Amino acid sequence: MKRGLICALIFTFSLALLFGGLSAEVVQAEEDYSFTLVAHSSAIAFWRPVQRGMEDAADQLGVEVTFTGPAEMDHAEQVSIIESLIIGEEDGIATTLTDPSAYDGIVREALDDGIPIVAFNADAPDNDRMAFIGQDEFSAGQELAYEIMEYLGEEGNIVLTTEAPGHTALEERIDGAESVLEDYDYEIDLLDTTTDLTTALETIMDYYEGNPDVDGWFGVSATATEAGVHAVEHLGVAGEVLAGGFDLTPDTLAGIQDGYAQFTIDQHPYLQGYYAVHALYLYNEYGIQPVDIDTGGGIIDADNVDLVIDLADDGYR
Amino acid sequence: MANSTSEESLQDKKTRQKENSRLKELATKPEFGIFIALILLSIFFSIMTGRFFTVRNFFGVLRQTSTIGIMAIAMTILITSQEFDLSVGSVYALNAVIAGLLVRDLGINIWFAAVICLGVAVVIGIINGLITVKFGIPSFIVTLGTMMLFRGFALVLSDGWPISGLPDSSFYRVFGGRVWMIPMQAVWFVIIAIIGYIILQKSKFGYKVYATGGNREAAELSGINTDRVKIIGFILTAGAATISALTALGYLGSISPTQGEGFELMVIAASVVGGTNLFGGAGTILGTFLGASIIGVVRNGLVLMGTGAYWQRAMIGLVIVVAVIVNVQIAKQRKQRST
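What comes next is a walk through the structure. All figures in this text were calculated on a predicted structure; none of them were measured in a lab. Going along each chain's sequence as written, the residues are numbered from 1 onward. Lettering of chains starts at A and numbering of ligands starts at 1, both following the order in which they are written. The predicted nature of this model means local features are confined to residues of pLDDT at least 70 and side-chain atom pairs, given and counted, to a pLDDT of 80 or more, with totals for whole chains, interfaces and linings taken over all residues. Computation of side-chain values: all heavy atoms of the structure, hydrogens and water removed.

Some points on the side chain of A:E90
Then step 1. Only DSSP runs of H or I covering at least 4 residues are called helices, and only runs of E covering at least 2 are called strands; the numbering of each starts at the N terminus. Within the secondary structure, A:E90 is located in the loop between helix 4 (75-87) and strand 3 (92-95).
Then step 2. Of the buried charged residues, A:E90 lacks a salt bridge, with B:R51 as the closest side chain of opposite charge at 8.0 Å.
Then step 3. Separated by 2.6 Å, the side chains of A:E90 and A:T36 make a polar contact. Partly exposed residues are those whose accessible area sits between 20% and 50% of the maximum for their type, while under 20% is buried and over 50% is exposed, using a 1.4 Å probe and protein chains only. Positive residues here are Lys and Arg, negative ones are Asp and Glu, while His and the chain termini are left out of the count. Salt bridges, as used here, are contacts in which a Lys or Arg side-chain nitrogen is within 4 Å of a carboxyl oxygen on Asp or Glu. Residues adjacent in sequence count toward polar contacts only when both atoms are side-chain atoms; beyond that, a polar contact is any pair of N or O atoms within 3.5 Å, and within protein one must be able to donate a hydrogen and the other to accept it.

A word on the sheet that holds strand 6 (residues 155-162) of chain A
Residues and elements named next belong to chain A.
Then step 1. Note on pairing: DSSP must find at least two bridges between two strands before they are called paired. Pairing in this open sheet of six strands is mixed, and the strands run 7-6-8-9-10-12 from one edge to the other. Two strands bound the open sheet, and with one partner strand each, they are strand 7 (185-192) and strand 12 (299-301). Strand-to-strand twist across the sheet, computed as the mean angle between neighbouring axes with direction ignored, equals 20 degrees.
Then step 2. Where strand 6 meets strand 7, eight bridges bridge the pair, whose relative direction is parallel. In the strand pairing of strand 7, V159 is matched with D189. Only the contacting stretch of a helix is used when fitting its axis, a line to C-alpha atoms as for every element, and angles between N-to-C directions run 0 to 180 degrees.

Focus: the interface of chain A and chain B
Then step 1. With 50 residues of chain A at the contact, the number on the chain B side is 52 residues.
Then step 2. Counting across the chain A and chain B interface gives six salt bridges.
Then step 3. Across the contact surface, chain A and chain B share 15 residue pairs in polar contact (both at pLDDT 80 or more).
Then step 4. Among the elements of the structure, helix 1 (2-22), strand 2 (64-68), helix 4 and helix 5 (104-112) of chain A are those that each provide at least two residues to the side of chain A that touches chain B.
Then step 5. Broken down by element, the residue count for the side of chain A that touches chain B peaks at 14 residues, all from helix 1 of chain A.
Then step 6. Of the residues that constitute the side of chain A that touches chain B, the class distribution is 25 nonpolar, 14 polar and eleven charged. Working rule for contacts: check all heavy atoms of both residues, and any pair within 4.5 Å makes them a contact. In this classification, Asp, Glu, Lys and Arg are treated as charged, Ala, Val, Leu, Ile, Met, Phe, Trp, Tyr, Cys and Pro as nonpolar, and every other residue, Gly included, as polar.

Comments concerning the sheet that holds strand 5 (residues 132-134) of chain A
All names here are of chain A.
Then step 1. The strand order 2-1-3-4-5-11 describes an open sheet built from six strands, whose pairing is parallel. The strands lining the two open edges of the sheet, one partner per strand, are strand 2 and strand 11 (293-294).
Then step 2. Sheet topology note: the strand 1 (residues 34-38)/strand 2 ladder contains five bridges and is parallel. Bridge pairing links V38 to T68 in strand 2.
Then step 3. Contacts from helix 3 (residues 48-61) reach strand 1, strand 2 and strand 4 (117-120), with the element oriented near 165 degrees to strand 2.

Below you can see the structure in the form of structure tokens.
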């Protein structure tokens, strides 16, 4: 009994010490605003530039920011996090909206409580959020299709890979790409890679085993794209099978440099973090209503990959 | 004079002894250690952030805990009978998908769809249970397989696409609404906990569960059909996963075939943090309720404190480990005293 109690006391004490250190910064900046960005699968490499943008904006504006979210996409858990932030009277929340309606209730709750809430990275258009800061996904999907046609022309046998089936933004990209390609002679398969890079790689390699006449695989999300690049390298099919897709993870860029992949589409995640903090700050400080910002960027391919690769290493692109 | 003082002190001593023994009796309750841990954590978070100790947050935590908590109640009964169910997270998704499709594609009333899902849960429980007891395969392996099987069904049936925009119904208010400040999910959590308490700790069936998990051979010899006990345990976990899915659907109004991935381990963690013996034979519903609450409190408290995503995971892991150490220590002390 005594030993149990002592154990428990030591536990609380060590927790207090640990958090004393962790939260020192928070206490220091308490006179300023505190904003939180909530991402749907916070454990993937994609968010690094988002966090960098968020932190740079926070430094410039002198506000406190936190980046959080469930490790893997889970609407119930993400809603719970937002609920806690509302109870904690956060000064502003930015969240990804990866489901058409699951976040409607909690976003209204935030707005009813007078807490500004914007969407970043992924949007649900019918949601009441004040604004969306991110890429226009449907046109980004169309851009993907046009880029694929640059290489394959008017006919091809391709796979679109996604790491989260049902994710609103990714499905819109797929719809955008299909809307263009359906007018031409394209065979399109869809493949779920999951957010785990190893599983994704194996899934794509297995697909190749069963469909060796495939012309190329193109990811609509960061991990799926990265895995496709690795698959070309592992299978030794550079030049025979094309790879490309979305986002600038270091391996994708290195793959473009080394000729394992052809292109990737930049959605400027840095800007998504950066502008989200600014939008919340401007609303708190001057009552300026957040507005939609399209962060959709250009194509990165062999011609310009050298320019961005160092910036990506530093977490800006 | 001297005499009366000594008499007084004797009486003092007696009452003190009585109080002492009452405290000791309380301390011998298996849930005591976990209760102390929960109190300490709550004090800690109350000191760290002024937002923690409020009525609104209390109900917030209870709501957030309910999804895992409802499943953990049934899991405690199953683990006590010496089996596991890893498929709860997948059943949580599959039955939500089935309910969504019945309503959206076949136009069936959502209440009726919910009843059908509970029926599916019974079938799933029987499948898990029968394979486990009839083929003598460890349930850990059986339900690992069915976990993937049911997840696959959920993805196939829904085409990997979320289901939302279902017609309005009283269902959403009963399962996911709010009465004054109280979220219905929290109400269901408490109701399921009370039912679980009656089943495990007050009923004849509960006695059989403890007997089966404590010493299966002895239980068999005394005429208990341990296979039946275990199969009912599997039905309870599948049923609880379904009820949990219905409350989540009531609250979110949206279904995703990937929902609940990884829940099985959080559910088992909540049960074990609450003092359930992983090897069967010991476990209480109150303990599990407190165990789930500990995980909920840590999650919520860290968000309120503005801790980043990566630290939160590490801290929940740390709390699970430490809570179990504290628990085991107290159990050991108790055992030493009783022998």
